[in-house]
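Geometric and topological summary
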Protein chains: 2
Amino acid sequence: MLIKTPKEIGLLVRDRRKARRWTQDALAQRLGVSRLWVVQLEQGKSTAQIGLVLRALNELDVPMQVDITPKDPAARVAASGGIDLDNIIRETSTPYRA
Amino acid sequence: MLIKTPKEIGLLVRDRRKARRWTQDALAQRLGVSRLWVVQLEQGKSTAQIGLVLRALNELDVPMQVDITPKDPAARVAASGGIDLDNIIRETSTPYRA
DNA sequence: CGTCATTGTCAGCGATCAATAACAATGCGA
DNA sequence: TCGCATTGTTATTGATCGCTGACAATGACG
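The paragraphs below set out a description of the structure included in this document. Predicted model, so just to flag it, every value in this text is computed and none were measured.

The environment of DNA strand C is made up of 18 residues, and the closest members are Arg14, Arg17, Gln24 and Gln43 of chain A together with Ser34 of chain B. In the environment of DNA strand C, a phosphate oxygen lies 2.5 Å from a nitrogen or oxygen atom belonging to the side chain of glutamine 24 of chain A. Between glutamine 43 of chain A and DNA strand C, the recorded distance is 2.7 Å, taken from a side-chain N or O atom to a phosphate oxygen. Every element with two or more residues in the surface near DNA strand C is listed here: α1 (6–19) and α3 (35–42) of chain A together with α3 (35–42) of chain B. In terms of residue count, the dominant contributor to the surface near DNA strand C is α3 of chain A (3 residues). Residue composition of the surface near DNA strand C, grouped by class: 6 nonpolar, 8 polar and 4 charged.

Pasting the structure below:
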């Protein structure tokens, strides 16, 4: 399922929340936000903060993904769990750096 | 690539932007936001508004997706491009509704 | 129907986003 | 190295987020 708009996120959150038979209040408490915020998120609020939205999706075990392999090493590191051999080698093999 | 944090989004945006050889300023103008906002997004700003973030990803042709098929018809509709036969049938076959 | 749980809406308020502007830092080719 | 483009940082400010609290609407169930 492709995600292009906040409205789609809202419907998805509502669906996954209901699949678990959680109330909006229960989800809100898990996320550390108000119930009002959950209401508005499910309604497709476009101004919700990305950090909170991602936390909600994680709490509901909804994996967000992109089918792209970044060219930038730093981005690949983030994609692969935090291990960047290239960088480690470079960092530890550069001599005479005051 | 799995997306779990705003930081990953930032690195991804930077990577895709550079792949197109756009400046932060150019991307900002396409999105209708300030350059400062792009700077902060790429730095992993967790308070960026979801609507703007999705617009940025769309502008960079980065498809966000989840591998879930919602049970709620409304959510499936959003997922499949806006056609909901079930709903159309129900709506058009309910007689005598004042 | 009556009751209770859940969800939706509104008002008011402190905290903070995103914008603008100015300037510093970095990068990169000539 | 110099000069220019790009990126990063800071301060300020109007607009608005997310919160609390209260109340209405909806839904589920006996």
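A complete count under the given rule lists 1 cavity of 30 Å³ or more for this structure. Taken together, Ile9, Ile50, Val53, Leu54, Leu57 and Met64 of chain A together with Ile9, Ile50, Val53, Leu54, Leu57 and Met64 of chain B make up the full set of residues lining the largest cavity. Mapped by element, the contributors of at least two residues to the lining of the largest cavity are α4 (50–59) of chain A together with α4 (50–59) of chain B. When grouped by side-chain class, the residues that make up the lining of the largest cavity number 12 nonpolar, no polar and no charged.

Next up on the list: the side chain of arginine 17 of chain B. In this structure, arginine 17 of chain B sits in helix α1 (residues 6–19). In this view, arginine 17 of chain B contacts Trp22, Thr23, Gln24, Leu27, Glu42 and Leu60 of chain B; residues no more than four positions away in its chain are not counted.

In the vicinity of DNA strand D there are 17 residues, among which Ser34 of chain A together with Arg14, Arg17, Gln24 and Gln43 of chain B approach most closely. Within 4 Å of the protein, the contacting atoms of DNA strand D are 66% sugar and phosphate, with bases supplying the remainder. Side-chain polar atom of serine 34 of chain A to a phosphate oxygen of DNA strand D: 2.4 Å apart, as the coordinates give it. Taking threonine 47 of chain A, its side chain carries an N or O atom lying 3.2 Å from a phosphate oxygen of DNA strand D.

This paragraph deals with α1 of chain B. All names here are of chain B. For α1, spanning 14 residues, the distance from its first C-alpha to its last is 20 Å, which sits close to the expected 20 Å at 1.5 Å a residue. With 10 of 14 residues buried, α1 is to be regarded as a mostly interior element. Taken as a whole, α1 has its buried residues at Pro6, Glu8, Ile9, Gly10, Leu11, Leu12, Val13, Asp15, Arg16 and Arg17. Arginine 21, located one to two residues past α1, shows a positive phi value of around 55°.

Chain B puts 38 residues into the contact, and the matching count from chain A is 38 residues. Counting each side, the surface lost to burial between chain B and chain A is near 3,700 Å², with a carbon and sulfur contribution of 65%. Of all residues in chain B, Met1, Ile50 and Val66 of chain B bury the most surface against chain A, accounting for 19% of the area lost on that side. Inspection of the chain B/chain A interface yields 0 salt bridges. The interface formed by chain B and chain A holds 11 residue pairs in polar contact (both at pLDDT 80 or more) in total. Listing elements by their share of the side of chain B that touches chain A, those giving two or more residues are β1 (2–3), α1, α4, β2 (64–66) and α5 (73–79) of chain B.

Here the focus is the relation of the copies chain B and chain A. Superposition record for chain B on chain A: RMSD 0.0 Å, screw rotation 180°, translation along axis 0.0 Å. In the structure described here, the two chain copies are related by an operation that fits a two-fold rotation axis. The fraction of interface residues of chain B whose copies in chain A are also interface residues reaches 100%, indicating that both copies meet through the same surface.

We now examine the environment of glutamine 40 of chain A. You can see glutamine 40 of chain A is positioned in helix α3. Expressed as a C-alpha distance, the spacing of glutamine 40 of chain A and lysine 71 of chain A, which sit 31 residues apart in the sequence, is 36 Å.

How each quantity is defined
- Residues numbered from 1 in each chain as written.
- Chains lettered and ligands numbered in written order.
- Predicted model: local features only at pLDDT ≥ 70, side-chain atom pairs only at ≥ 80, totals over all residues.
- Heavy atoms only, no water.
- Near = heavy atom within 4 Å.
- Polar contact = N/O pair within 3.5 Å; in protein donor to acceptor, adjacent residues only side chain to side chain.
- Helix = DSSP H or I, 4+ residues; strand = E, 2+ residues; numbered from the N terminus.
- Nonpolar A, V, L, I, M, F, W, Y, C, P; charged D, E, K, R; others polar.
- 1 Å grid on protein atoms, 1.4 Å probe; cavity = no way out; pocket = protein on both sides within 12 Å on 5 of 7 lines; lining within 4 Å.
- Points joined across faces, edges and corners; volume = space filled by probe spheres on them.
- Contact = heavy atoms within 4.5 Å.
- Expected span 1.5 Å × (residues − 1).
- Buried < 20%, exposed > 50% of the residue type's maximum accessible area, 1.4 Å probe, protein only.
- Buried area = accessible area lost by both parts, 1.4 Å probe.
- Salt bridge = Lys/Arg side-chain N within 4 Å of Asp/Glu carboxyl O.
- Least-squares fit on C-alpha atoms with pLDDT ≥ 70 in both.

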